[in-house]
Every structure is written in structure tokens, then in C-alpha cells.
Amino acid sequence: GQNIDQPTEMTATEGAIVQINCTYQTSGFNGLFWYQQHAGEAPTFLSYNVLDGLEEKGRFSSFLSRSKGYSYLLLKELQMKDSASYLCAVRRGDSSYKLIFGSGTRLLVRP
Amino acid sequence: NAGVMQNPRHLVRRRGQEARLRCSPMKGHSHVYWYRQLPEEGLKFMVYLQKENIIDESGMPKERFSAEFPKEGPSILRIQQVVRGDSAAYFCASSPKVQGAGAEAFFGQGTRLTVV
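Overview of the structure. Worth saying up front: this structure is predicted, and the values here are computed from it rather than measured.

## Some details on the overall build of chain A
Thinking step 1. If you tally the helices and strands in chain A, you get zero helices and eleven strands.
Thinking step 2. Secondary structure of chain A in N-to-C order comes out as β-β-β-β-β-β-β-β-β-β-β.
Thinking step 3. The C-alpha extent of chain A, read off along each of the three principal axes, is 45 × 30 × 20 Å.
Thinking step 4. In chain A, buried positions account for 51% of the 111 residues.
Thinking step 5. Carbon and sulfur atoms make up 47% of the accessible area of chain A, which amounts to about 5100 Å² in all.
Thinking step 6. Positive and negative side-chain charges of chain A, numbering 11 and 10 respectively, have mean locations separated by a distance of 4 Å.

The structure is reproduced here in C-alpha cells:
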């Protein structure tokens, strides 16, 4: 089976740093993804981790620990436009390779 | 390199009609995923396909729904005899492979299906 957990909502202040956590339990593992989704729009790819460690892309960083089944997305220098849902997804490592999503974290950035 | 293309963007169908949703993956991508999303809810996995093969359809209702990804042309998600509960956004994602580096998956803009 599979289970992906992330907080439902978070609030942060413009200019600050926020960390969105994701824990997972899946049948095998073949990569963890983070997406951003604004209301009414399609998910936009942010990051992909397949090995342990930190991947940095500008203001966004993503971390993975496979032994702990844990990832986080770090957003620095928050901007108002960062208010969106952030989706954690895991690709299974069995014969299916299907990509399963958590319910998403709604982030509200306040002035 | 164009992104994942879905059409139509919006589709209105009367109850009992058929809906056909199309997805053209990014160039070089042979793996396609379909998802359904209701308002204020998460992405629910429906089906995973490779060219000419359905790999995993465990998230797709057994009746009225079918999917294909032919050798030539786009992937098609087909919903027969639509009901109001089928109203949702349907998203398609594609990736070039499913293991290791370079296996990122990208989404299309989605098809918003409304059943009246």
C-alpha cells in the first residue's frame, strides 16, 4: 500500500522561510516529487529527488531521506505569489511505477 | 519542445453522453499518467500507461472508464455515459522514464469536464 502525509495548511510571512514536510510509506521507492498548484490551475513541477540529500533551485530546496521516508520543501524569501498548494508525490518502486500524491499543503503568505 | 498538451481545455457533456479527453505527452516521453481532481481536493491516480500498454489501472472505475495510449497519436481517456459525479478536472502527466535521474514528470493544463 501507500501513505503520503503532509500538513493541510500553513501560514507564513512575506520574506520569511517556510518548510513543508512530507512523510511517506510506499511499496518500493523510485523518486519523490514536489509540485506547486495555484487554485484552478495545473500542477507545476518544482523538484525531483531520487537520492538522499538536498537539491537546491533558486529560492526552493528539497530534501530527501529514504531511510526515514521523509522529505521537505524549503521556500526562502517568501513572496505573495508563493501562496498556493504544494503537492508531495512518490513514484512507487514495484512493477507499477505509479506516481501517488499526498493531499497537498495550502500555504498562505501574508504581508 | 512543447509541454504536455491536453485538449479540450473545457468540455461540457449532457448526462449519458461520451467524453473523450486527449493528452499528447512531451516529445520523447513514453510514460503517461492520468489523474482526477475535484475542487479543493488532491490528485487521485487513475491510470498509468506506456505506449500500447496499460501498466496500472487500479485507480480507474471498472465501468464506463477506459484509457489507451496507441503507438501513434495521443493518449485518450474515455468516459462513457457520463454522470454528474464525473464532473472534475482531469490532468495528464508524462515522463521520459520511471527510474533514476531524468525521470521528472510534467503535467498538462488539464481538461475541465462539466456534466449537465
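We are not done yet, so read on.
## Re the overall build of chain B
Thinking step 1. Counting its regular elements, chain B contains zero helices and eleven strands.
Thinking step 2. Reading the secondary structure of chain B in the N-to-C direction produces β-β-β-β-β-β-β-β-β-β-β.
Thinking step 3. Over its C-alpha trace chain B gives a radius of gyration of 14 Å, about what one expects of a compact globule, namely 13 Å for 116 residues.
Thinking step 4. Reported as C-alpha extents along the three principal axes, the dimensions of chain B are approximately 45 × 25 × 25 Å.
Thinking step 5. Buried residues in chain B amount to 44% of all 116 residues.
Thinking step 6. Intrachain contacts of chain B at a sequence separation of at least 6 include 52% that bridge at least 24 residues.
Thinking step 7. Carbon and sulfur atoms provide 46% of the accessible area of chain B, an area that totals close to 5900 Å².
Thinking step 8. Of the side-chain charges in chain B, 17 are positive and 11 negative, and the distance between the mean point of each set is 6 Å.

## So, unusual backbone geometry
Most peptide bonds take the trans form, and the phi angle of most residues other than glycine is negative.
Residues and elements named next belong to chain B.
Thinking step 1. In this chain, Asn7 is followed by Pro8 through a cis amide linkage whose omega measures 0°.
Thinking step 2. As for its placement among the helices and strands, Pro8 is situated in the loop between strand S1 (5-7) and strand S2 (10-13).
Thinking step 3. One non-glycine residue, Glu52, lies in the positive phi region at around 65°.
Thinking step 4. Here Glu52 shows up in the loop between strand S5 (43-50) and strand S6 (53-56).
Thinking step 5. On the basis of relative accessible area, Glu52 is assigned to the exposed category, the value being 56%.

## Focus: the nonpolar core
Residues and elements named next belong to chain A.
Thinking step 1. Counting 44 residues, the largest nonpolar core has Trp34, Tyr35, Leu75, Tyr86, Leu99, Phe101 and Leu107 as its most contacted members.
Thinking step 2. Considering each element in turn, this core owes the most residues, six residues, to strand S9 (residues 84-91).
Thinking step 3. Aside from chain neighbours lying at most four places away, what touches Tyr86 is Gln6, Ile20, Trp34, Tyr35, Gln36, Leu46, Phe60, Leu73, Leu75, Gly104, Thr105 and Leu107.

Each value, and the rule that gives it
- Residues numbered from 1 in each chain as written.
- Chains lettered and ligands numbered in written order.
- Predicted model: local features only at pLDDT ≥ 70, side-chain atom pairs only at ≥ 80, totals over all residues.
- Heavy atoms only, no water.
- Helix = DSSP H or I, 4+ residues; strand = E, 2+ residues; numbered from the N terminus.
- Buried < 20%, exposed > 50% of the residue type's maximum accessible area, 1.4 Å probe, protein only.
- Areas by Shrake-Rupley, 256 points an atom, 1.4 Å probe, with all protein chains shown as cover.
- Lys, Arg positive; Asp, Glu negative; His and termini not counted.
- Charge placed at Lys NZ, Arg CZ, Asp CG, Glu CD.
- Rg over C-alpha atoms; globule rule 2.2 N^0.38 Å.
- Contact = heavy atoms within 4.5 Å.
- Core = buried A, V, L, I, M, F, W, Y, C linked by side-chain atoms within 4.5 Å.

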